[in-house]
Amino acid sequence: MNQRPVQTRRRRVPALSPDERRAAIIAATIPLLRTHGAAVTTKQIAEAAGVAEGTIFGVFPDKASLILASLGTAFDQEMVLRQLSAIDPGAPLRERMSDAATILLRRFEENVQLMMVARTLPMETGRRQVEELMEGRRRLTEAVEAIIAPDRALLRRSPATTAGLLVLLVIATVRPELAEPDALDADGVVAVLLDGLLVRPTDISGGDA
C-alpha cells in the first residue's frame, strides 16, 4: 500500500518591526555608500537588503533621508569610545597610545569614503552632518586625552594637545589626498609624536658606541 508523502508546513519568517526593517536597510546601505558613494541607487540598496524597492520608501521618505540616516549610524562613536575606554590603564604610555591609534586608524579607514559622501549633501543637511562629525571627533580626542593623562609628567605638551595631534595624524594618514605612499601605521603615528622625525646618532651608527 502506497503511503502519501507527508507534507511539511513551511514556517513563515516573522515580519520585521518598522525599527528592525529600518536598521536592516541602513546596514545594507552603509557598505554600498563606501563603494558607490551618493550615486548608489535604491535598487542596489533593495537588492542588498533583500526587500522590494518600494519597501525602502515605506520606511524612508526619500533616498536623501536614507543616506543621512546611514551616515549617522556609521559615524556613531559609542562603540569606538567603549574600545578606547577598555585600553589597559596600567600599560606603558607608548603601548596605550599605540592601542588608541590602532582603534582610530581602523575607524577612520572604514569611514573615509563616507566623509566624502557627507560633503555631497545639501548645504543645510551637510552643515548639520559636519557639526555632528566635529562633535564626535571632540569626544574621541577627549577619550584619547584620558588615556594619556596619567603620564602627563613625561610630556612637553599637555595631554589634550598630544591627543589632538594623535587624532590629526591618524586622519592625515587615512586621507587619500594627504597620505604618503608609505602611510604611517599605529606605531609610526606614536613614534612621530613621542620621538619626532630627526635621526638620532644611535640610528646612524646602528647603536654601536
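Presented here is a report on the structure given in the accompanying data block. From a predicted model like this one, the values you see are computed outputs, not experimental measurements.

So, how was this worked out
Residues numbered from 1 in each chain as written. Predicted model: local features only at pLDDT ≥ 70, side-chain atom pairs only at ≥ 80, totals over all residues. Heavy atoms only, no water. Helix = DSSP H or I, 4+ residues; strand = E, 2+ residues; numbered from the N terminus. Buried < 20%, exposed > 50% of the residue type's maximum accessible area, 1.4 Å probe, protein only. Areas by Shrake-Rupley, 256 points an atom, 1.4 Å probe, with all protein chains shown as cover. Expected span 1.5 Å × (residues − 1). Bend = angle between axes of the 7 residues up to and from the residue. Core = buried A, V, L, I, M, F, W, Y, C linked by side-chain atoms within 4.5 Å. Contact = heavy atoms within 4.5 Å. Axes fitted to C-alpha atoms, helices over the stretch in contact; angles between N-to-C directions. Parallel < 35°, antiparallel > 145°, perpendicular 65-115°, else oblique. Left-handed = near helix turned anticlockwise from the far one by under 90°. Nonpolar A, V, L, I, M, F, W, Y, C, P; charged D, E, K, R; others polar. Arc of directions from axis to C-beta. Salt bridge = Lys/Arg side-chain N within 4 Å of Asp/Glu carboxyl O.

With respect to the overall build of the chain
Helix and strand content of the chain: ten helices and zero strands. Secondary structure elements in the chain, listed N-terminal to C-terminal, are α-α-α-α-α-α-α-α-α-α. The 209 residues of the chain split such that 34% are buried. With an accessible surface of roughly 13500 Å², the chain has 55% of that area assigned to carbon and sulfur atoms.

Observations regarding helix α6 (residues 93-118)
In a regular helix each residue adds 1.5 Å, so 26 residues correspond to 38 Å; α6 covers 35 Å between its end C-alpha atoms and thus fits that length. For α6, the principal kink sits at Val112 and spans about 45°.

Description of the nonpolar core
Ranked by size, the top nonpolar core spans 50 residues in total, and within it Ile56, Leu71, Leu84, Leu104, Phe108, Leu166 and Val170 carry the most contacts. Among the elements of the structure, α1 (18-36), α2 (42-49), α4 (63-74), α5 (78-85), α6, α7 (123-148), α8 (159-174) and α9 (186-195) are those that each provide at least two residues to this core. Tallying contributions element by element places α6 first for this core, with twelve residues. With residues up to four places along the chain from it excluded, the contact list for Leu104 reads Val80, Leu84, Leu140, Val144, Leu166, Val167 and Val170.

A word on the side chain of Ser98
For Ser98, the location among the structural elements is in helix α6. Under the relative-accessibility criterion, Ser98 is labelled buried at 10%. Setting aside anything within four residues of it in sequence, one finds Ser98 in contact with Ala186, Asp187 and Val190.

Regarding the packing of α8 against α9
α9 packs onto α8 with a crossing angle of 140° between their chain directions and a minimal axis gap of 10 Å. Comparing the axis directions of α8 and α9 gives the class oblique. As α8 runs across α9, the sense of the crossing is right-handed. Facing α8, whose interface residues are Thr162, Leu165, Leu166, Leu169, Val170 and Thr173, α9 presents Val189, Val192 and Leu193. Among the residues forming the contact of α8 with α9, the class breakdown is seven nonpolar, two polar and no charged.

Points about α2
Listed in full, the buried residues belonging to α2 are Thr42, Ile45 and Ala46. End-on, the buried residues of α2 take up no more than an arc of 100°, which puts them together on one face. Summarising the geometry of α2, the exposed residues directed more than 90 degrees from the buried face are Lys43 and Glu47. Buried residues along α2 sit in contact with α1, α3 (53-59) and α4.

What to know about the pattern of salt bridges
One pass over the structure, following the stated rule, counts five salt bridges. The closest approach of N and O atoms between Asp151 and Arg96, which form a salt bridge, is 2.7 Å. Taken together, the positions of Asp151 in the loop between α7 and α8 and Arg96 in helix α6 put the pair 55 residues apart, joining distant regions of the chain. Across the salt bridge formed by Glu135 and Arg138, the nearest N and O atoms sit 2.4 Å from each other. Of the two residues, Glu135 and Arg138 are both situated in helix α7; the distance of three residues between them amounts to about one turn of the helix. With a relative accessible area of 37%, Glu135 lands in the partly exposed category. Exposure remark for Arg138: the relative accessible area of 37% places this residue in the partly exposed category. Each of Glu135, Arg138 and Glu142 takes part in salt bridges that share partners, so that together they form one network.

Brief notes about the environment of Ala118
One can find Ala118 in helix α6. A relative accessible area of 6% places Ala118 in the buried class. Sequence spacing of Ala118 and Leu68 is 50 residues, and the spatial spacing of their C-alpha atoms is 8.2 Å.

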